[in-house]
Amino acid sequence: MGLLTRVSQLLGVKQKQQELYVESTVRPFELHTDGRFRRYHYEEMLKRWQGWFAVGVSRNSAAVASLKWTVVRDSRYGKSAFQTKKPNANLLKHMRDTAGPLARTKAYQAGDNVEEITDPNHPLVRILENPNPFMGYFELCEMTEAMQGVCGDFGWYNVYGDNGWPVEWWPMYPQFTRVVADERNIINRYIYGRGPEIEHDFKPEDVWFFKRPNVFGDPYRGMSDLWKCAQSVDLSVMFDSYAINALKNAIQPGLIIMDERLDPKKQKEVHAALVRRSGTQNAAKDLLLQLGKDAKVIPWEAGTKEAGFIGSASDEATMKKIAAACDIPPDILVMGPTSLAHGETAMPHWMKYGIQPRARRYEDTINRNIPFAFRALNDPGLFVVIENPVVEDLDKVTNRENIQIAGGWGTVNEARSAVGKPPSDDPAHNDLKDPADLEREKMAHAAEQADKDRAANKQKPKDKPAKKSLSVEHVHKAITPPEEGKEPDEIKAIGKAALAWFMEWSQKVLAGSLPSHASQVENFISIRPEDAMKLAEKLGPSIRGGVQLGIEAGRDELPMDSRNFVVEKSRVEQYVETVNGQLVESVTKTVDNQLKEVLIEQLSGGTTGPELTQAVADIMRDKTLADAERIAVTEGSQVLHGGAELAWAASGDVVGKKWLESGDPCPICRAIAKNHNTAKLGESFVPLGATIKTSEGDWTVTYRDIMHPPAHPRCRCDMVPIMRKG
């Protein structure tokens with residue numbers, strides 16, 4: 001069988017499978033109609049465009065429209081006839097890490113061959129700047145997002161020029177758009193017109209149709225944000241209507257008037273008198289009715305205070321439901337004076353979970369249509385990127401990259417790229433060593449140092465032991481944390497306690513109800529106060545054991561005549577409580593953030609139900625194992641050095657401490673050992689919030705005061721006492 005035969009048979013199988021799917025999707029009666037006409041349905045939806053829902057959709061649409069578009073291309077397809085430039089580091093990083101799937105794939109395929117098109121005469125650049133004479137880019141983009149929020153979909157009609165590419169984009173409002181089904185391609189054509197007398201047919205390839213995911217399986221139209229909260233929106237409208245009518249009627253309750261002597265004529269006169277004297281203008285006037293002495297007047301509605309309370313309470317709950325459906329934090333929706341502080345905190349979450357997914361949908365729809373619409377340009381590498389609405393905290397990024405460099409799994413140039421700086425020309429900055437090689441180098445260095453120490457000891461006269469200095473006393477391996485995997489049981493117990501809590505907590509979370517939508521993740525409570533207390537109870541004994549080990553190590557650092565002391569139990573307990581509290585706060589915050597990142601990633605990819613639970617369990621297992629190992633190493637060093645400092649303070653002979661960098665120091669530890677190497681006993685080498693200058697830039701202390709090593713996770717530095725002279 002020849003190659004062409006095999007290909008033709010493969011295409012035949014593919015075509016047959018596609019036909020089976022389309023036949024299962026397009027219903028027979030849809031083929032014999034003039035399209036799925038929903039004008040009146042959409043007009044009913046649009047009538048609800050008011051109140052909190054209008055505010056939420058307006059916020060989202062304005063935010064999406066404010067994002068900058070950039071036209072880029074893959075230069076492997078040849079030199080462009082238009083002016084281009086190399087993208088900056090921030091844009092390049094965004095394209096490869098946080099852009100939409102299509103743009104991200106094209107950027108990875110292009111590698112270093114990505115070019116940013118800056119020529120205003122480029123057809124795609126020009127149409128993005130001015131879509132049509134009737135509206136600008138911001139208006140078109142804002143309307144696209146707003147109509148999707150209300151109706152679920154929106155179309156752009158491409159008007160082609162003489163050169164064969166689009167020169168204008170015109171909006172196709174969903175309430176005037178009908179979709180005609182097709183038995184082979186699902187959509188045969190679009191029918192558009194504000195009235196049946198002026199409708200026209202439009203080819204599906206000439207219309208870029210933006211639509212939200214529709215869980216009801218409608219292949220033609222999207223499902224809007226309004227559908228998610230229609231009842232809440234209706235309730236909000238009812239409360240507004242109640243408030244307006246209450247104001248018109250001076251918030252007076254209705255009356256029930258009973259009088260057996262009132263004939264129909266008298267009833268009409270009384271009713272007319274009530275109507276004349278109701279409303280705001282007559283609110284303060286007395287009501288005098290000509291009734292009999294046996295007449296009864298009874299209020300018909302709830303009192304003013306009760307009705308107002310019910311209205312305000314329900315309106316707040318309704319507002320929160322609408323905000324959740326629009327993927328927008330309530331504080332962003334309100335933006336009142338009391339919400340400004342909360343709004344600033346909520347802004348990054350809104351950008352990440354609300355605006356970024358919307359921007360990606362726009363970007364993907366346009367990039368999916370560009371190859372066909374602009375095929376006349378003969379530039380297959382052309383695509384569009386929307387800027388990332390999520391702005392990273394540079395302090396956190398810098399701290400993270402510093403830790404990665406110090407740990408040996410990151411390079412300087414990778415760190416520079418993470419903060420948007422160009423790469424360095426220094427070849428050493430690209431050197432990335434395998435962690436196993438680093439560990440072998442450390443072991444070889446330690447063995448070499450041990451050999452030198454033994455040789456030096458052999459040269460000393462045995463009958464004249466060396467006199468210890470009263471300035472600095474140091475037994476090198478007394479406090480320095482042992483190699484990973486060789487820690488004492490007291491240190492291993494810290495990691496085991498953390499891991500035991502991780503397992504209990506994760507099982508509890510997975511056994512409960514996980515969020516079903518990305519917008520719910522931020523408010524999802526995974527760690528409660530009782531969970532934090534359990535972690536503190538598990539860590540307390542192991543931390544106490546590590547501190548006692550550090551006290552003995554610190555005692556061994558001192559001269560014999562300075563070792564006769566007792567560390568007060570109250571000081572030990574106070575230190576254990578402090579370290580335990582800091583560690584519990586750090587661990588709970590870290591694992592909560594990790595869980596939420598996993599949930600967002602899985603929910604954004606469409607994972608739900610049992611599959612979501614299993615995926616979260618698999619990912620969190622690896623994360624918590626790594627966290628437990630890191631805690632054992634880092635907090636082991638913390639409690640050992642903390643215990644040593646307690647011992648030195650109790651001796652009364654130590655006035656200070658000196659920082660000793662490890663055999664393979666990172667830039668952070670090297671800077672501390674050089675510029676912040678001594679401190680008084682009880683004071684910090686570098687306080688919390690301080691910034692120190694390293695060879696790779698500034699680094700800020702963000703966890704706790706650096707009273708002693710470690711300065712960062714897995715730090716291997718040491719310290720020695722400075723003795724009182726004389």
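All figures in this text were calculated on a predicted structure; none of them were measured in a lab. (Residues numbered from 1 in each chain as written. Predicted model: local features only at pLDDT ≥ 70, side-chain atom pairs only at ≥ 80, totals over all residues. Heavy atoms only, no water.)

## Re the overall build of the protein chain
For the protein chain, the count of helices and strands is 22 helices and 17 strands. For the protein chain, with 726 residues in total, the buried portion stands at 41%. Pairs at least 24 residues apart make up 73% of the contacts formed inside the protein chain by residues separated by at least 6 positions. For the protein chain, the accessible surface area stands at approximately 40,200 Å², while carbon and sulfur atoms represent 54% of it. (Helix = DSSP H or I, 4+ residues; strand = E, 2+ residues; numbered from the N terminus. Buried < 20%, exposed > 50% of the residue type's maximum accessible area, 1.4 Å probe, protein only. Contact = heavy atoms within 4.5 Å. Areas by Shrake-Rupley, 256 points an atom, 1.4 Å probe, with all protein chains shown as cover.)

## Focus: the packing of aromatic side chains
Within the structure shown, the criterion is met by 15 aromatic pairs. Both rings, one in tryptophan 156 and one in tryptophan 208, keep their centres 6.4 Å apart while their planes meet at 25 degrees; by these two values the pair is stacked. With tryptophan 156 in strand β4 (residues 153-160) and tryptophan 208 in strand β9 (residues 207-211), this residue pair connects regions lying 52 residues apart in the sequence. In terms of burial, tryptophan 156 and tryptophan 208 fall into one category: buried. Taken together, the ring pairs in this structure connect Trp156, Trp169, Trp208, Phe210 and Tyr362 into an aromatic cluster. The ring of phenylalanine 372 carries the charged tip of arginine 375 above its face, separated from the ring centre by 4.0 Å. (Phe/Tyr/Trp six-rings, centres within 6.5 Å; stacked < 30°, edge-to-face > 60°. Lys NZ or Arg CZ within 6 Å of the ring centre and 35° of its normal.)

## A closer look at the side chain of lysine 596
Turning to its location among the elements, lysine 596 is positioned in helix α20 (residues 569-604). Lysine 596 sits in the buried class, given a relative accessible area of 11%. Other than its neighbours up to four places away in sequence, lysine 596 contacts Val521, Glu522 and Phe524.

## Some remarks on the nonpolar core
Membership of the largest hydrophobic core comes to 66 residues, with the highest contact counts inside it found for Leu539 and Val547. Considering every element that reaches this core, the biggest residue donor is α20, with 13 residues. Here valine 547 is in contact with Val572, Tyr575, Val576, Val639, Gly643 and Leu646, once residues within four sequence places are set aside. Judged by nonpolar contacts, the second largest core, of 54 residues, contains Leu67, Val71, Ala346 and Ile366. (Core = buried A, V, L, I, M, F, W, Y, C linked by side-chain atoms within 4.5 Å.)

## Side note on the environment of tryptophan 505
As for its position among the elements, tryptophan 505 is in helix α18 (residues 489-511). Between the C-alpha atom of tryptophan 505 and that of isoleucine 527, which follows or precedes it by 22 residues, the distance is 7.9 Å. Setting aside residues no more than four positions away along its own chain, tryptophan 505 makes contact with Ser526, Ile527, Asp531, Val591, Leu595 and Met620. Looking at tryptophan 505, its side chain comes within polar contact range of the main-chain oxygen of serine 526, at 2.9 Å. (Polar contact = N/O pair within 3.5 Å; in protein donor to acceptor, adjacent residues only side chain to side chain.)

## Some points on unusual backbone geometry
Going from proline 709 to proline 710, the amide bond is cis rather than trans, its omega being 10 degrees. With a phi close to 70 degrees, isoleucine 186 is a non-glycine residue in the positive phi region. Within the element layout of this structure, isoleucine 186 appears in strand β7 (residues 186-192). Of note in the backbone geometry, aspartate 327 takes a positive phi value of approximately 55 degrees without being a glycine.

## Considering the sheet that holds strand β17 (residues 718-723)
The antiparallel open sheet is built from 3 strands, whose spatial order is β14-β13-β17. For this open sheet the edge positions go to β14 (678-680) and β17, each flanked by a neighbour on one side alone. Ignoring which end each strand starts from, the neighbouring axes of this sheet average 30 degrees apart. Examined bridge by bridge, strand β13 (residues 654-660) and β14 share 3 bridges and lie antiparallel to one another. If you follow lysine 657 over to β14, its bridge partner there is alanine 679. (Pairing = 2+ DSSP bridges. Axes fitted to C-alpha atoms, helices over the stretch in contact; angles between N-to-C directions.)

## Quick word on the packing of α18 against helix α21 (residues 609-651)
Between α18 and α21, the shortest axis-to-axis distance is 8 Å and the interhelical angle comes to 155 degrees. The angle between α18 and α21 falls in the class roughly antiparallel. The way α18 lies across α21 gives a crossing that is right-handed. Across the contact of α18 with α21, the residue classes break down as 17 nonpolar, 4 polar and 2 charged. (Parallel < 35°, antiparallel > 145°, perpendicular 65-115°, else oblique. Left-handed = near helix turned anticlockwise from the far one by under 90°. Nonpolar A, V, L, I, M, F, W, Y, C, P; charged D, E, K, R; others polar.)

## Observations concerning the pattern of salt bridges
Inspection of every chain in the model, using the stated rule, returns 23 salt bridges. For glutamate 145, the salt bridge is made with arginine 358, and the minimal N-O distance between the two is 3.0 Å. A residue pair is termed long-range when its members are at least 10 positions apart, and glutamate 145 in helix α7 (residues 137-150) and arginine 358 in helix α13 (residues 340-373) qualify at 213 residues. The burial state of glutamate 145 is the same as that of arginine 358; both residues are buried. Among the salt bridges present, the one from aspartate 153 reaches arginine 221, with a minimum N-O distance of 3.1 Å. Of this pair, aspartate 153 sits in strand β4 while arginine 221 is found in the loop between β9 and α8 (225-228), placing the two residues 68 residues apart along the sequence. Judged by its relative accessible area of 0%, aspartate 153 is buried. Overlapping salt bridges, with partners in common, bring together Glu145, Arg212, Asp225, Lys228, Asp327 and Arg358 in one network. (Salt bridge = Lys/Arg side-chain N within 4 Å of Asp/Glu carboxyl O.)

## A short note on α21
Taking 1.5 Å of rise per residue, 43 residues should cover 63 Å, and α21 covers 60 Å from first to last C-alpha, within 8% of that figure. Backbone geometry just downstream of α21 places glycine 652 in the positive-phi region, at approximately 80 degrees. (Expected span 1.5 Å × (residues − 1).)

## Topic: the packing of α18 against α20
When two helices pack together, their arrangement is given by the angle between their axes and by how far apart the axes lie. Running from amino to carboxyl end, α18 crosses α20 at an angle of 40 degrees, the nearest separation of the two axes being 13 Å. Relative to α20, the element α18 is oriented oblique. Of the two possible hands of crossing, α18 and α20 adopt the one that is right-handed. For the pair α18 and α20, contact is made by Trp501, Phe502, Trp505 and Val509 and by Val587, Thr588, Val591 and Leu595, respectively.

## Regarding the environment of lysine 211
In this fold, lysine 211 is placed in strand β9. In this structure, the C-alpha to C-alpha distance between lysine 211 and methionine 147, residues 64 residues apart in sequence, is 9.6 Å. Engagement of the side chain of lysine 211 in a polar contact is seen with the backbone oxygen of proline 219, the distance being 2.9 Å.

## What about the sheet that holds β9?
Within the open sheet, the 3 strands sit side by side as β5-β4-β9. Their pairing is antiparallel. A strand with exactly one partner marks an edge of an open sheet, and here the two such strands are β5 (166-172) and β9. Mean inter-strand twist for the sheet, computed between neighbouring axes without regard to direction, equals 25 degrees. With 5 bridges joining them, β4 and β9 adopt antiparallel strand pairing. Directly across from tryptophan 156, in β9, lies its bridge partner tryptophan 208. Strand contacts of α7: β4, β5 and β9, with the helix running at about 145 degrees to β4, the strand carrying the most contacts.

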